[in-house]
Amino acid sequence: MKKQFKLGLIGSNLTARTIIKGAVLSDFLSQKKIIASGVRNEDISALEELGVQLVDDDRYVFENSEFQLLAVSAEELKSVSSNAKAVKQLKIITVADGLKKSEIKSAFGASSTKIARAVANLPCTIGSGSVGIDMSEYNSSFDDIEFISNLFDCIGTVLSVDESKFDAITSISVNGPAYVFMFIDGLIDAGVKQGLKRSEAKLLAVQTLLGSAEMAEREEYTLSELIMKACNNGGSALGGVKSLEKNRFREVIGEAVAESIKSLKERGTQ
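Residues numbered from 1 in each chain as written. Predicted model: local features only at pLDDT ≥ 70, side-chain atom pairs only at ≥ 80, totals over all residues. Heavy atoms only, no water.

S.K.: Honestly, the overall build of the chain in this entry has me stumped. Any pointers?
M.R.: When helices and strands are counted, the chain shows twelve helices and eight strands. When the backbone C-alpha atoms are referred to their principal axes, the chain occupies close to 70 × 35 × 35 Å. Looking at the chain as a whole, 40% of its 270 residues are labelled buried. Taken as a whole, the chain presents about 15500 Å² of accessible surface, with 54% of it coming from carbon and sulfur. (Helix = DSSP H or I, 4+ residues; strand = E, 2+ residues; numbered from the N terminus. Buried < 20%, exposed > 50% of the residue type's maximum accessible area, 1.4 Å probe, protein only. Areas by Shrake-Rupley, 256 points an atom, 1.4 Å probe, with all protein chains shown as cover.)

S.K.: Can you walk me through the nonpolar core in this structure?
M.R.: Soluble globular proteins: nonpolar side chains tend toward being buried together. By size, the foremost hydrophobic cluster in this structure holds 33 residues, and its most contacted members are I20, L69, I148, L151 and F152. Counting residues per element, the ones that place at least two in this core are strand 1 (5–11), helix 1 (14–25), strand 2 (34–37), strand 4 (65–71), strand 6 (114–120), strand 7 (129–134) and helix 6 (142–153). Counting 20 residues, the second-largest nonpolar core is a separate cluster that includes F5, V55, V61 and I104. (Core = buried A, V, L, I, M, F, W, Y, C linked by side-chain atoms within 4.5 Å.)

S.K.: Can you help me understand a nonpolar patch on the surface in this one?
M.R.: On the surface, F183, L187, L244, F249 and I253 cluster together to form a nonpolar patch covering roughly 410 Å² of accessible area. Those elements that place two or more of their residues in the nonpolar patch are helix 8 (176–193) and helix 12 (249–267). Within the secondary structure layout, L187 lies in helix 8. (Patch = residues over 30% accessible without salt bridge, like charges linked within 9 Å, V, L, I, M, F, W, Y side chains within 5 Å. Salt bridge = Lys/Arg side-chain N within 4 Å of Asp/Glu carboxyl O.)

S.K.: How should the packing of helix 8 against helix 9 (residues 198–218) be read in this particular structure?
M.R.: The geometry of a pair of packed helices is captured by two quantities: the angle between their axes and the separation between those axes. Relative orientation of the contacting elements helix 8 and helix 9 amounts to 135°, with a least axis distance of 8 Å. Of the possible angle classes, the one that applies to helix 8 and helix 9 is oblique. When the axes of helix 8 and helix 9 are compared, the crossing they make is right-handed. Two secondary-structure elements touch here, helix 8 through V180, F183, I184, D185, L187, I188, D189, G191 and V192 and helix 9 through R198, A201, K202, A205, V206 and L209. In terms of residue class, the contact of helix 8 with helix 9 is built from ten nonpolar, one polar and four charged. (Axes fitted to C-alpha atoms, helices over the stretch in contact; angles between N-to-C directions. Parallel < 35°, antiparallel > 145°, perpendicular 65-115°, else oblique. Left-handed = near helix turned anticlockwise from the far one by under 90°. Contact = heavy atoms within 4.5 Å. Nonpolar A, V, L, I, M, F, W, Y, C, P; charged D, E, K, R; others polar.)

S.K.: Sorry if this is basic, but what is going on with the sheet that holds strand 6 here?
M.R.: Sheet strands pair by backbone hydrogen bonding; their relative direction is either parallel or antiparallel. Pairing is mixed across the open sheet formed by eight strands, whose spatial order is 3-2-1-4-5-6-7-8. Two strands close off the open sheet at either side, each with one partner strand: strand 3 (53–55) and strand 8 (156–160). Taking the axes of each pair of neighbouring strands and ignoring which way they run, one obtains an average angle of 25° across the sheet. Alignment of strand 4 against strand 5 (residues 91–94), held across three bridges, turns out to be parallel. Looking at the pairing, L69 lines up with I93 of strand 5. Sitting on the sheet, helix 5 (residues 101–108) is in contact with strand 4, strand 5, strand 6 and strand 7, with an inclination near 140° to strand 6. (Pairing = 2+ DSSP bridges.)

In structure tokens form, the structure reads like this:
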């Protein structure tokens, strides 16, 4: 039997709110096809503004939505899952921080429960992010895979991977923006020291990063070739590159990623 709602949100966090916003504003999903329960107070007004129906009954959402977008904490999982016991088939998409598919499967205790797990980065909030997602349990249904992929396409570029790679994805994609923002801030500070106004330095630094990222994405040249092309401007860039290499620029980035993965494993969240 066809469900009344296409997507049901259980709980809320930044990623879930971003997904709902992206789906509605891009016209991928009508707000009439989305229902939500267990929404935190700080997220209620944002979802109401989008026209999403809010209820106080998780059970109703589970019973009346085709897909369930799960955004709850580990502490909330047991009580939330108890409201779905009567539902024979669940199609869960989880953006719950740190909850593995196996933990969710165990909590819901249904062999017919399918789970897709996703991690998204901060730029998804402006529709320019990246999403790592394990949809392997949906491989038997092209329609389900297409819906989930298109849902996340609304907020960024989707990479379909096995859950075992989520540590690496988190350390590079989810945590990576912090490193990029630090790099931009460093360029701005350097520009100011060389006589630019901060606003001027920010404009140049941000646009330089955007243009460079676009060139890297096109794959017309390898990154090594692009580095050499950028250095062929009279030689001044070459001195800067040599300074970065001397100061272990690449190794420092690698150490940051490795430290991030270490923290994830210590927390046991991935």
